[in-house]
Amino acid sequence: KAGVTQTPRYLIKTRGQQVTLSCSPISGHRSVSWYQQTPGQGLQFLFEYFSETQRNKGNFPGRFSGRQFSNSRSEMNVSTLELGDSALYLCASSLDGKSSYNEQFFGPGTRLTVL
Amino acid sequence: GENVEQHPSTLSVQEGDSAVIKCTYSDSASNYFPWYKQELGKRPQLIIDIRSNVGEKKDQRIAVTLNKTAKHFSLHITETQPEDSAVYFCAATTNYGGSQGNLIFGKGTKLSVKP
C-alpha cells in the first residue's frame, strides 16, 4: 500500500500571498489531520477532517483553512502569509480516527518558506 | 484544552544504557498516548502507544508506562543503540466526538546515543 503523500514538497512564498497544500491519504483511510512543525513550537495540531467535514480544530487563526474531498484527499490553505508561517506542514491519515486502535500515519511534509 | 509537557528536551546516553523520557498531560479525559520517533529529515513514525485502560506496555527494547492519577506517562528504551538517535515526541488525545485525530504533542526530546 502506498503511504501518505503530500505535494508540493517545498514551497517558497512571500508575505501576503496565499498557499494551498495537498495531502493524499493511504487508500481506505478516511480521516486526515494536519499539523504544523516548527523548531520552537514542535508539532501543533491544525485540524482534522473526516467524510468531508471538519471534525476537530486547533488554535490557529482563521487564515488557516482546509477541506476534504469525497476521495478523502485533503487540502489546506493559508491566506495572507506571514513570516511566522514558515514551517513543515505534515498531514496524517488514519482509518477513521474514531478508535484508539487507528494509528495515524504521517506524510513526508511540505516545507513552506515565507520571505 | 489539552497541554502536554515533555522532559528532557535533550538526552545523551552511551550505547547500551537506558533512556527515559517523561511527559505530563493536563486533560484527565485523555485516553490515548502514542509515542513517535522522527529521524532527521524524515516523517514521524509511531513506535509504541498506550491506552488509558492499560498501565504498561512493552515491545522489545521499548516500554511505555502510564500513571492516570498523576497524569504522566513515560517512554523507556533499554540497551540503546546508535540507530535510536532521533527526536521522540509524546502525544495525548481524547475521544471527543468520536475522534482521536487531534493529537496534542509534547515539544520533543532529542536523543543522542554515543557509540
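Here the residue numbering is sequential within each chain, running from 1 through the sequence in written order. The naming scheme follows written order: chains are lettered A onward, ligands numbered 1 onward. pLDDT decides what is reported in this predicted model: residues at 70 or higher carry local features, side-chain atom pairs at 80 or more are listed and counted, and totals for whole chains, interfaces and linings draw on all residues regardless. To get the side-chain values, all heavy atoms of the structure are used, and hydrogens and water are removed first.

### So, the side chain of A:S94
Point 1. A helix here means a DSSP run of H or I that spans at least four residues, while a strand means a run of E at least two residues long, and both kinds are numbered starting from the N terminus. Structurally, A:S94 can be placed in strand β9 (residues 87-94).
Point 2. A contact between two residues is defined here by any heavy atoms of the two lying within 4.5 Å. Residues contacting A:S94, with those up to four places away along its chain left out, are A:H29, A:R30, A:S31, A:N102, A:E103 and A:Q104.

### A word on the environment of B:R61
Residues and elements named next belong to chain B.
Point 1. Within the secondary structure, R61 is located in the loop between β6 (56-59) and β7 (62-67).
Point 2. If we skip the residues at most four places from it in the chain, R61 touches H76, I77, T78, E79, T80, Q81 and D84.
Point 3. Counting of polar contacts relies on pairs of N or O atoms within 3.5 Å, with two restrictions inside protein: one atom must be capable of donating a hydrogen and the other of accepting it, and residues adjacent in sequence are counted only when both atoms are side-chain atoms. At a separation of 3.2 Å, a polar atom in the side chain of R61 contacts the main-chain carbonyl oxygen of E79.

### A word on the pairing of strand β5 (residues 42-50) of chain A
Residues and elements named next belong to chain A.
Point 1. Relative accessibility under 20% of the residue-type maximum defines a buried residue, over 50% an exposed one, and the middle range a partly exposed one, all with a 1.4 Å probe and only protein chains included. Counting buried residues along β5, eight of its nine residues qualify, which places the element largely inside the surrounding structure.
Point 2. The pairing criterion for strands is at least two bridges between them, as found by DSSP. In this sheet, β5 lies alongside strand β4 (residues 31-38) in antiparallel orientation, the contact comprising eight bridges. Paired with Q36 across the strands is Q44, a residue of β5.
Point 3. Here β5 folds back onto strand β6 (residues 53-57) in antiparallel fashion, the turn holding two residues, of which S51 has a positive phi close to 50°.

### A word on the state of the cysteines
Point 1. In this description, the term disulfide denotes a pair of cysteine sulfurs within 2.5 Å. Scanning the model with the defined rule gives two disulfides over all chains in all.
Point 2. Across the disulfide, A:C23 is cross-linked to A:C91 (sulfur-sulfur distance 1.9 Å). The sign of the S-S torsion, about 75°, decides the handedness of the disulfide formed by A:C23 and A:C91: right-handed. Taken together, the residues A:C23 in strand β3 (residues 19-24) and A:C91 in strand β9 connect sequence positions 68 residues apart. Take A:C23 and A:C91: they sit in the same class, and that class is buried.
Point 3. Put simply, B:C23 and B:C90 are joined by a disulfide, and their sulfur atoms are 1.9 Å apart. Taking the sign of the S-S torsion, about -100° here, the bridge from B:C23 to B:C90 comes out left-handed. Here the residue B:C23 occupies a position in strand β3 (residues 19-25), and B:C90 occupies one in strand β9 (residues 86-92), the gap between them amounting to 67 residues. Exposure class is identical for B:C23 and B:C90. Each is buried.

### Topic: the sheet that holds strand β1 (residues 5-7) of chain A
All names here are of chain A.
Point 1. What the four strands build is an open sheet, ordered β1-β3-β8-β7; its pairing is antiparallel. For this open sheet the edge positions go to β1 and β7 (64-68), each flanked by a neighbour on one side alone. When the angles between neighbouring strand axes are averaged without regard to direction, this sheet yields 20°.
Point 2. Two strands pair when backbone bridges link them, and β1 and β3 are joined in this way by three bridges, in the antiparallel orientation. In the strand pairing of β3, T5 is matched with S24. A fitted line through C-alpha atoms represents every axis, and for helices the fit uses only the stretch in contact; the resulting angles, taken between N-to-C directions, go from 0 to 180 degrees.

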